[in-house]
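Single-letter residue listing:
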Amino acid sequence: MNSYKIFDVPINSINLGEAISQLGEKRLKIFTPNPEILLESERNPEYKTALLQGDLMLPDGHGLQLVSTLLKIKSKFLRVLCYLPFLLIFLFWKKPFKKIFPEIIHGADFMLVLVSWAELNNKSVFFLGAFGNSAEKTSDYFKNVHSNLKIAGFSNIDPSEKAFELVKSSNADVLFVAYGAPKQEIFVSKYFDKLDNLSIAMCVGGSFDFFSGNIKRAPNFIRNIGLEWLWRLFLNPIKRSKRIFNALVVFPLTAIFSSR
């Protein structure tokens, strides 16, 4: 698979169909690099080491398309000059920015695909992490939608040796980990090789909140035009404004000046 490095982290340059074709080919650690994750990897060497162990690195975040386009310009001075006009175009027209990352694959969307794959292939799944009863409610949601899905277990236990033992004793084939970055990738990288029964472990961030009903996700047409960030900003302006600022300002400018 082709990949493109941002902050020395390789991200697969693939579409959804190509990502799906990887399922079942070999054991996979699936990570979903987005602007915030990549920024954290620059600050946290332990986290970057964990990220580099990913087998399938899904491009999750439209900011990757903006930055990869800017970085095609060799001169840092010209990148700075182009940043604002590129950003203004990018907010409403994504097509010119899809040369390197033809498709953004959101973690929640691929989680849906992976659950369907697990049901079809008679694989059991385990939901680990998040807060409160989100893992349990997520398990209930998927069991209702996929009646033949085998649920190996669920838990909101903190990342620890106990969490590892719980997953190991479940004999799950597929593990969804929702601790958020950087905890989830560090946990998976540390324990994946010790979980012999696992075929796939996927880090899914806040995806349990969508499927448990805690947070309402944007309608499909808003997601399809790349404006899900605007929907999330409307629902939670205080929390999301910082994330959007990081994705559209801090991330591109950091990449512009840190990349050759």
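In case you missed it, the structure is sitting above this.
Throughout what follows, the structure given in this document is the object of discussion. Note that the coordinates shown come from a computational prediction; the quantities given were computed from them, not determined experimentally. Numbering of residues starts from 1 in every chain and runs along the sequence as written. Confidence filtering applies because this is a predicted model: local features only for residues at pLDDT of at least 70, side-chain atom pairs given and counted only at 80 or more, and all residues used for totals across whole chains, interfaces and linings. Here the side-chain values reflect all heavy atoms present in the structure, with hydrogen atoms and water set aside.

1. Describing unusual backbone geometry
Most peptide bonds take the trans configuration, and most residues that are not glycine carry a negative phi. A cis amide bond, omega 5 degrees, links Ala181 with the succeeding residue Pro182. For Pro182, the position within the fold is in the loop between strand 7 (174-178) and helix 9 (183-191). Even without a glycine there, the phi angle at Phe7 is positive, about 55 degrees. Tracing the sequence through the fold places Phe7 in the loop between strand 1 (3-6) and strand 2 (9-12). One non-glycine residue, Asp8, adopts positive backbone phi at about 70 degrees. Mapped onto the elements of the fold, Asp8 is located in the loop between strand 1 and strand 2. Numbering of helices and strands runs from the N terminus, with a helix taken as a DSSP run of H or I at least four residues long and a strand as a DSSP run of E at least two residues long.

2. Some words on the pairing of strand 8 (residues 200-203)
Residues Ile200 and Met202 point to one face of strand 8 and Ala201 and Cys203 to the other, with burial holding for every one of them. Any two strands with at least two DSSP-identified bridges between them are counted as paired. Judged from the three bridges that link them, strand 3 (residues 28-31) and strand 8 form a sheet pairing that is parallel. Across the sheet, Ile30 pairs through a bridge with Met202, a residue of strand 8. Summarising the sheet, strand 7 and strand 8 pair through four bridges and their orientation is parallel. Across the sheet, residue Leu175 finds its bridge partner in strand 8, namely Ala201. On the question of chirality, the crossover connecting strand 7 to the parallel strand 8 by way of helix 9 is right-handed. Partly exposed residues are those whose accessible area sits between 20% and 50% of the maximum for their type, while under 20% is buried and over 50% is exposed, using a 1.4 Å probe and protein chains only. Crossovers are marked right-handed if the path from the first strand over the helix to the second runs clockwise, as seen with the strands pointing away from the viewer.

So far we have only geometry, and geometry alone does not tell us how the molecule works.
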